[in-house]
Every structure is written in C-alpha cells, then in structure tokens.
Amino acid sequence: TPKRVYSKRTITLQRTSTHRKQSSEIYVLNSVPPEILLDQVKLACSSQPSTEGYGGEGFVFLTRHGEREDHVNPKWYLNAPNVFDPPLSKRGFTQASELGVRLKSENITHIIASPFTRTVQTAIEVAKHVGVKVHVDYGLAEHMETKQFHVTCNRLQLDPSTFRVKVNTHKELVARYGEIISPSLDLPDLKLSKWPASFPEEEEHLFERTNNTVKHMGMFAFEKKANVLLVSHQTPVEYMAFELCSEAEDKFVSVCCLTKAAPRKKNPKQKGWKLLFQHDDSFLSEPECLGRR
C-alpha cells in the first residue's frame, strides 16, 4: 500500500472531527468512580533557573494534557470555579508525571503550555522532572469554538449563543502556581503569544494560529539549539504535527502522548521536519486507549 501524503488543508475537518468523536466514545467507556480527589500540586524545585545556554539539538516535542477531571467525575461541575476549564484528574496527574519521567533523558530546555488549567498542570508535572520553568503561550490554547463546549452547556443548561469562555491570565497562573511559572510573558530571544486564540474562533483561525505558532517555536529551537516541549490540546497537537511534517500519520492524539520532531537536513524552513515518533503513549501505565496505539 503506498504511503499516504496529504495536502495541508485536506485533513483540517475530517480527521479532527473523527478523532474528537473517538475521544468522546473513550470517556463514555471509562468506569472510574465519580468521586476523585485531586492531588495537590507540589512546586518542588521551583527555584531552579531556566536553562540559559540551551545546548539542545533543535528538537520540538508535542504533547496533549493528561486526563481531565470532568471526563471522569460528572459532579465536578457543581462547585467548579470555571466550568469551561477543568483540571487534571488523579489519573491525569499520574500520566503527566510519567510523561515527565519519559522526558528526563531528552534534555528539555523549554516548556511552553496552553493557558488552560489542565495543560499548565501537565506542564508543571513535567517541569518537576526536567528542572525548567513553564512558559505560557495563548497560541497553544484549546479551539475556542462554541461547539467545543456544547457538552458543558447542555449539562448546565447554558445558552451556547451567549456564554463566553474565560481563559487564565498569566498573572493568575503565577499567583496560583508560584515560581515554577515563568514571571515573564516572553523569553529574551523568543516572543510568545504572537498568534493568540480568541473567542469565538473558526476552524480556519485555529488551523492558522497553531501552525504559525509551531513554525515559530520550531525555528527558535533550530536556531538557538533548544529542545522545546509544547503542551497543548487534542486538535492543536494534531494540526501542529501535520504542519511540521505533511507525512504525519492519521493517528489518534491520546492524553499525554508524545511526538518528537527533528529538523531535516539542517534547513527546516525549506525542508521541513521529520517526525522521529508520533503520538506515542507506550510509556504510560494507564494510557487513554490501548486499542489505538
């Protein structure tokens, strides 16, 4: 069978809509007790400075956040401070920690996360293992589309035409998690949030902002010899993997799965990137779905 090669825009709707449906089916099948106590985030080693000399190989790593609390505990919404921003579940924290263990040998120099609570918590768990601070980029945010939040609206009897999604500000994240979150909005040699998400957002805008963001991060990693981990969400991770390599496989983006991209022939701006592995979750003790590896 010949290897499938897709044009950049042919996958934007069909593949991601299929994978979103798969994700919904997976959580219906989970038989997790409804009452789950979240682990308290411990900010160990938060005073360690970020790597300044970099000394990486120019790799870009992509990952999705760990399991969400609202996917296993329907009662979470009853007292939630922000019903559109669920934290990690207990298992999600474990998955994020295992991701951190997996990345200890990869010489991660920068961690950059979406501002949603679940992605920041995932990034923090990884940061504890690799010893760098977490930076925030609003270009890595979840798809800010009304339909993305329709389940929550139905559950809480909200009018999907009038609600707005509140996203954590950088100031709020620093106040909540302390020094493990970088106090700076930008890096000395990298501007963050150049293509921020906005609400509401069309699919085309999501496609453009995630692709621009990952290309921006990729060239930074290549030029500064950094190894950058981007912590985002299901659809953005799928788009970014495809932007880095148009030969990316049509694979489900499971929670805390890991993709590693390397620059081709020392010239990624013209030649693109090569995926050394894509959406791998084999290192997790409890992956989202064994059948889709």
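All values derive from a computational prediction rather than experimental measurement. (Residues numbered from 1 in each chain as written. Predicted model: local features only at pLDDT ≥ 70, side-chain atom pairs only at ≥ 80, totals over all residues. Heavy atoms only, no water.)

**Observations concerning the overall build of the protein chain**
As a reminder, the rule being used: Only runs of H or I of at least four residues qualify as helices and only runs of E of at least two qualify as strands under DSSP, and these elements are numbered from the N terminus. A simple rule labels every residue: compare its accessible area, found with a 1.4 Å probe on the protein chains alone, to the largest value its type can have, and call it buried under 20%, exposed over 50%, or partly exposed in between. Contacts are assigned to residue pairs with any non-hydrogen atoms lying within 4.5 Å of each other. Each accessible area is a Shrake-Rupley result for a 1.4 Å probe, and residues are judged covered by the shown protein chains and nothing else.
When you go through the protein chain residue by residue, the secondary structure sums to 8 helices and 6 strands. For the protein chain, the N- to C-terminal ordering of α and β elements is α-β-α-β-α-β-α-α-α-β-α-β-α-β. Across the 293 residues of the protein chain, 54% fall into the buried class. Of the contacts made within the protein chain by residues no fewer than 6 positions apart, 77% connect residues no fewer than 24 positions apart. Surface exposure of the protein chain reaches about 13600 Å², of which carbon and sulfur atoms provide 52%.

**Things to note about the state of the cysteines**
As a reminder, the rule being used: Throughout, disulfides are identified as pairs of cysteine sulfur atoms within 2.5 Å of each other.
Per the stated rule, a full pass over the model turns up 0 disulfides. In this structure C256 is a free cysteine whose sulfur lies 8.2 Å from that of C257, the closest cysteine sulfur available.

**Here we look at the side chain of E67**
This is how the line gets drawn: Throughout this description, a polar contact denotes any pair of N or O atoms lying within 3.5 Å of each other; where both atoms belong to protein, one of them has to be capable of donating a hydrogen while the other can accept it, and for residues adjacent in sequence the pair is counted only when both atoms sit in side chains.
Within the secondary structure, E67 is located in the loop between strand 1 (60-64) and helix 2 (90-103). At 2.9 Å, the side chain of E67 forms a polar contact with the side chain of R91.

**Here's the deal with the packing of aromatic side chains**
Applied cut-off: Here is the rule: rings of Phe, Tyr and Trp (six-membered ring for Trp) pair when centre to centre is within 6.5 Å. Planes less than 30 degrees apart are stacked, more than 60 are edge-to-face, and the remainder are tilted. Only lysine NZ and arginine CZ atoms are considered, and such an atom sits over a ring when it is within 6 Å of the ring centre and within 35 degrees of the ring normal.
If you walk through the whole model with that rule in mind, you get 4 aromatic pairs. Here the aromatic rings of F59 and F61 are separated by 6.3 Å at their centres, their planes lie at 85°, and the arrangement is edge-to-face. Pair check on accessibility: F59 and F61 agree, each one buried. The ring of F59 has K260 sitting right over it, with the charged end atom 4.3 Å from the ring centre.

**A few points about the packing of helix 6 (residues 203-224) against helix 7 (residues 234-244)**
Which entries qualify depends on this criterion: Axis angles are defined between N-to-C directions and span 0 to 180 degrees, where every axis is a line fitted to C-alpha atoms and, for a helix, only to the segment in contact. Roughly parallel here means an angle under 35 degrees, roughly antiparallel means over 145, roughly perpendicular means 65 to 115, and every remaining angle is called oblique. Crossings are sorted by hand: turned counterclockwise from the far helix by less than a right angle, the near helix makes the crossing left-handed, and turned clockwise it makes it right-handed. In this classification, Asp, Glu, Lys and Arg are treated as charged, Ala, Val, Leu, Ile, Met, Phe, Trp, Tyr, Cys and Pro as nonpolar, and every other residue, Gly included, as polar.
It is the contact of helix 6 with helix 7, at a shortest axis distance of 9 Å, that shows an interaxial angle of 55°. The orientation of helix 6 relative to helix 7 falls into the category oblique. Relative to helix 7, helix 6 is oriented so that their crossing is right-handed. From helix 6, E203, L206, F207, T210, N211, V214 and K215 reach across to helix 7, where they touch T235, P236, Y239, M240, E243 and L244. Looking at the contact of helix 6 with helix 7 residue by residue, the classes come out as 7 nonpolar, 3 polar and 3 charged.

**So, the pairing of strand 5 (residues 258-263)**
Remark: a regular strand shows side chains that alternate across the two faces of the sheet. The condition is simple: Between any two strands, at least two bridges found by DSSP are needed for them to pair.
For strand 5, the tally of buried residues reaches 6 of 6 residues, placing the bulk of the element in the interior. Every second residue of strand 5 is oriented toward a common face, with L258, K260 and A262 on one face and T259, A261 and P263 on the other, all of them buried. Where strand 1 and strand 5 come together, 4 bridges link them in antiparallel fashion. In the strand pairing of strand 5, T63 is matched with L258. Two strands pair when backbone bridges link them, and strand 5 and strand 6 (residues 273-280) are joined in this way by 5 bridges, in the antiparallel orientation. Looking at strand 6, one finds that K260 is bridged to F277.

**Remarks on the nonpolar core**
What counts here: To qualify as a nonpolar core, a set must consist of buried Ala, Val, Leu, Ile, Met, Phe, Trp, Tyr and Cys residues joined through side-chain atoms within 4.5 Å.
If you look at the biggest cluster of nonpolar residues, it comprises 30 residues, and the most contacted ones within it are L103, I111, V134 and L229. Listed by contribution, the elements that provide at least two residues to this core are helix 2, strand 2 (110-113), helix 3 (117-130), strand 3 (134-136), helix 5 (170-177), strand 4 (228-232) and strand 5. A per-element tally of this core places helix 3 first, with 6 residues. Excluding its chain neighbours within four sequence positions, the residues that come into contact with V134 are I111, A113, A123, I124, A127, I180, I181 and S182. In terms of nonpolar packing, the next biggest core, distinct from the first, is built from 29 residues, L62, I112, A226 and V253 among them.

**Some words on the confidence of the model for the protein chain**
Stated formally: Known as pLDDT, the predictor's per-residue confidence is scaled from 0 to 100.
Of the residues in the protein chain, 77% have a pLDDT of 70 or more, and the chain-wide mean is 82. Confidence drops under a pLDDT of 50 for residues 1-6, and excluding neighbours within four residues, the segment shows 9 contacts in the predicted structure. Counting contacts from residues 24-52, a segment whose pLDDT is below 50, to residues more than four positions away or on other chains yields 54 contacts.

**Let's talk about the sheet that holds strand 1**
Taken together, 6 strands build an open sheet; the order of strands is 3-2-4-1-5-6 and the sheet is mixed. Bordering the open sheet on either side are strand 3 and strand 6, each of which pairs with just one other strand. The average undirected angle you get between the axes of adjacent strands in this sheet is 20°. The strands touched by helix 6 within the sheet are strand 1, strand 2, strand 4, strand 5 and strand 6, with strand 4 carrying the most contacts at an inclination of about 160°. Against the sheet, helix 7 touches strand 1, strand 4, strand 5 and strand 6, its axis set at about 155° to strand 1.

**Things to note about the environment of T213**
Counting through the fold element by element, T213 comes out in helix 6. Take T213: its relative accessible area is 2%, and that puts it in the buried class. Separated by 18 residues in sequence, T213 and W195 place their C-alpha atoms 6.6 Å apart. Excluding its chain neighbours within four sequence positions, the residues that come into contact with T213 are D137, G139, L140 and W195.

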